[in-house]
Amino acid sequence: MRKMLLAVLSRVLQGPAAAAGRTASRVMVASRNYADFATEATFEIKKCDLHRLEEGPSTTVVMTREEGLHYYKTMQTIRRMELKSDQLYKQKIIRGFCHLYDGQEACCVGLEVAIKPTDHVITAYRAHGFTYARGVPVREILAELTGRKGGCVKGKGGSMHMYTKNFYGGNGIVGAQVPLGAGIALACKYFGKNEVCLTLYGDGAANQGQIFETYNMAALWKLPCIFICENNRYGMGTSVERAAASTDYYKRGDFIPGLRASTTPAFFEGGWKWGDGPILMELQTYRYHGHSMSDPGISYRTREEIQEVRSKSDPITLLKDRMVNNNLASIEELKEIDVAVRKEIEEAAQFATTDPEPPLEELGNHIYSNEPPFEVRGPNQWIRYKSVS
């Protein structure tokens, strides 16, 4: 019997111990010594809404200084990476579909620190944050966005199709990743692995029939699958109130237990065993950009609404305030992290705009894994490429 420790975060982030091997950046400033800071702080958090669960997450959480610095740097990196992506898109260096994640950083960071590297994650097309959280460097993400050979999938996936070990992408078809996630969880159970699959989708996909079919299969087969609805309040340009008769997405599994985290973080610790089957989570969050880069995001919501969320519920600002107010870090220290992050993003962008595009001969590569090379027809019947795994 194994207990599940899963961080559920929406707009504010405090967290459980970071995964093994991760260390926060320790940026020291001349005016203060490491010994001047508290090593940890305790926070009271809002109670989660529950469905078919007798006991919810604790309303008290402890965050160490090291954890806080790690969360801050990771979220700030994702934020700056997305803002740079916005800039490169407007310069027409990034083309095609591009869905940005700024505003939602706490979701991917909180989930990642709560699982093991051997656990699995699959999400929809707003995938840049999860790609970075799963360990892909910024330069490989930006190079993928610009279609360069140094990208994480060699420039052939683009914004919606990024992958790495135990991360199954960005998926372009609305809701299609949910049954795939259940399939990954089935494989974990079939091979007797003590692993779980986080299967993410947005509120816009939550009404898809295939999602409810997947709930049913996952419950029948007791799959180690955590269904997670990132509710950012708008499915493309339609508000959740106009799109759904019930906006209690955490209850949508009916027979599957669920919980919802609103504007404060919470933790789900213990009690849920792999043999109990799936669980459903709803994370209430917000996206600052429009649905995609083709959507200005202000025709169906006001600038004032976006600004209000930024001023009251921004995950980075709230974490920063909590760390400073509880003597876990200084303003100067966090500013130095900001400077280092900006430098990293600029260097990554330089790589992403100068790295060569993949050669045409690689067009047919990587169709199958661990298969002998075979011929693939090109644009016409006289052109042949050799596919290499």
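What counts, and where the lines are drawn
- Each chain carries its own residue numbering, running from 1 in the written order of its sequence.
- Confidence filtering applies because this is a predicted model: local features only for residues at pLDDT of at least 70, side-chain atom pairs given and counted only at 80 or more, and all residues used for totals across whole chains, interfaces and linings.
- Side-chain figures throughout are based on the complete set of non-hydrogen atoms in the structure, without hydrogens or water.
- UniProt positions are given in the numbering used here, feature names are shortened, and annotations may be inferred rather than shown by experiment.
- We call a set of buried Ala, Val, Leu, Ile, Met, Phe, Trp, Tyr and Cys residues a nonpolar core when their side-chain atoms join them within 4.5 Å.
- For the exposure calls, accessible area comes from a 1.4 Å probe over protein chains only, and a residue counts as buried if that area is under 20% of its type's maximum, exposed if over 50%, partly exposed in between.
- Comment: elements are numbered from the N terminus, with helices defined as DSSP H or I runs of at least four residues and strands as E runs of at least two.
- Should any heavy atoms of two residues lie within 4.5 Å, those residues are counted as being in contact.
- Strands pair, by our definition, only if DSSP identifies at least two bridges between them.
- Helix axes are fitted only over the stretch in contact, all axes being lines through C-alpha atoms; the angle between N-to-C directions runs from 0 to 180 degrees.
- Here roughly perpendicular refers to angles of 65 to 115 degrees, roughly parallel to angles under 35, roughly antiparallel to angles over 145, and oblique to all remaining angles.
- Helix crossings get a hand from a simple test, with the near helix turned counterclockwise from the far one by less than a right angle marking a left-handed crossing and a clockwise turn marking a right-handed one.
- When residues are grouped by polarity, Ala, Val, Leu, Ile, Met, Phe, Trp, Tyr, Cys and Pro land in nonpolar, Asp, Glu, Lys and Arg in charged, and all others, Gly among them, in polar.
- Just to be clear on terms, a salt bridge is a Lys or Arg side-chain nitrogen sitting within 4 Å of an Asp or Glu carboxyl oxygen.
- Given a helix with a known number of residues, its expected span is that number minus one, times 1.5 Å.
- Directions drawn from the helix axis to the C-beta atoms are what define this arc.

- As recorded in an unreviewed UniProt entry, the protein goes by the name Pyruvate dehydrogenase E1 component subunit alpha, listed as coming from Oceanites oceanicus.
- According to its UniProt record, the protein has this under Catalytic activity (unreviewed entry): "N(6)-[(R)-lipoyl]-L-lysyl-[protein] + pyruvate + H(+) = N(6)-[(R)-S(8)-acetyldihydrolipoyl]-L-lysyl-[protein] + CO2".
- Under the Function (unreviewed entry) heading, UniProt states for the protein: "The pyruvate dehydrogenase complex catalyzes the overall conversion of pyruvate to acetyl-CoA and CO(2), and thereby links the glycolytic pathway to the tricarboxylic cycle."

**Some thoughts on the nonpolar core**
Here is step 1: The biggest cluster of nonpolar side chains holds 62 residues, and the ones touching the most others in it are Phe130, Leu142, Leu198 and Ile228.
Here is step 2: A per-element tally of this core places helix α10 (residues 331–354) first, with 8 residues.
Here is step 3: In contact with Leu142, other than residues within four places in its own chain, are Met81, Lys84, Ser85, Ile345, Ala348, Ala349 and Ala352.
Here is step 4: One finds Ile211, Tyr215, Ala218 and Cys225 within the second-largest nonpolar core, a separate group that totals 22 residues.

**Points about the sheet that holds strand β12 (residues 279–284)**
Here is step 1: Pairing is mixed across the open sheet formed by 6 strands, whose spatial order is β3-β10-β12-β7-β6-β5. One side of each edge strand has no neighbouring strand; the edge strands of this open sheet are β3 (49–51) and β5 (120–122). This sheet shows a mean twist of 20 degrees between the axes of neighbouring strands, independent of strand direction.
Here is step 2: Bridge count between strand β6 (residues 197–202) and strand β7 (residues 225–231): 6 bridges; the pairing is parallel. Paired with Gly202 across the bridge in β7 is Glu230.
Here is step 3: Helix α6 (residues 209–221) contacts β6, β7 and β12 of the sheet and is inclined by roughly 150 degrees relative to β7.

**Quick notes on the pairing of strand β10 (residues 258–261)**
Here is step 1: Along β10, one buried face is formed by Gly258 and Arg260 and the opposite face, lined by Leu259 and Ala261, is buried too.
Here is step 2: Two elements, β3 and β10, share 3 bridges in a ladder whose sense is antiparallel. When the sheet's bridge partners are listed, Leu50 is paired in β10 with Leu259.
Here is step 3: Here 4 bridges tie β10 to β12, and the two strands are oriented parallel to one another. In the sheet register, Gly258 faces β12, and the bridge partner there is Leu280.

**A word on the packing of helix α1 (residues 65–90) against helix α9 (residues 315–325)**
Here is step 1: Where α1 meets α9, the axes come as close as 10 Å, and the angle between the chain directions of the two elements is 155 degrees. It follows that α1 is roughly antiparallel to α9 by the angle criterion. In the crossing of α1 with α9, the sense of the turn from one axis to the other is left-handed. The segment α1 lies against α9, with Arg65, Gly68, Leu69, Tyr71, Tyr72, Met75, Gln76 and Arg79 engaging Pro315, Ile316, Leu319, Lys320 and Met323.
Here is step 2: Classifying every residue of the contact of α1 with α9 by side-chain character gives 8 nonpolar, 2 polar and 3 charged.

**Considerations on the pattern of salt bridges**
Here the idea is simple: oppositely charged side chains can pair when their charged atoms come close.
Here is step 1: All chains considered together, the criterion is met by 16 salt bridges.
Here is step 2: Between Arg79 and Glu105 there is a salt bridge, and its shortest N-O distance comes to 2.5 Å. Taken together, the residues Arg79 in helix α1 and Glu105 in helix α2 (residues 105–114) connect sequence positions 26 residues apart. Both residues of the pair, Arg79 and Glu105, belong to the buried class.
Here is step 3: One salt bridge in this structure joins Lys251 and Asp248, with 3.9 Å as the shortest N-O distance.

**Examining helix α5 (residues 177–190)**
Here is step 1: With 14 residues, α5 extends 20 Å between its outermost C-alpha atoms, agreeing within 8% with the 20 Å of an ideal straight helix rising 1.5 Å per residue.
Here is step 2: Within the sequence span of α5, burial applies to Gln177, Val178, Gly181, Ala182, Ile184, Ala185 and Cys188. All buried residues of α5 fall inside an arc of 155 degrees around its axis, so they share one side.
Here is step 3: Buried residues belonging to α5 abut β5, β6, α6 and β7.
Here is step 4: Looking one or two residues beyond α5, the residue adopting positive phi is Gly192, at roughly 70 degrees.

**Thoughts on the pairing of strand β13 (residues 374–377)**
Here is step 1: One ladder, built from 4 bridges, connects β13 with strand β14 (residues 384–387); its direction is antiparallel. Bridging across to β14, Phe374 finds its partner in Ser387.
Here is step 2: Once β13 ends, the chain turns through 6 residues before running back antiparallel as β14.

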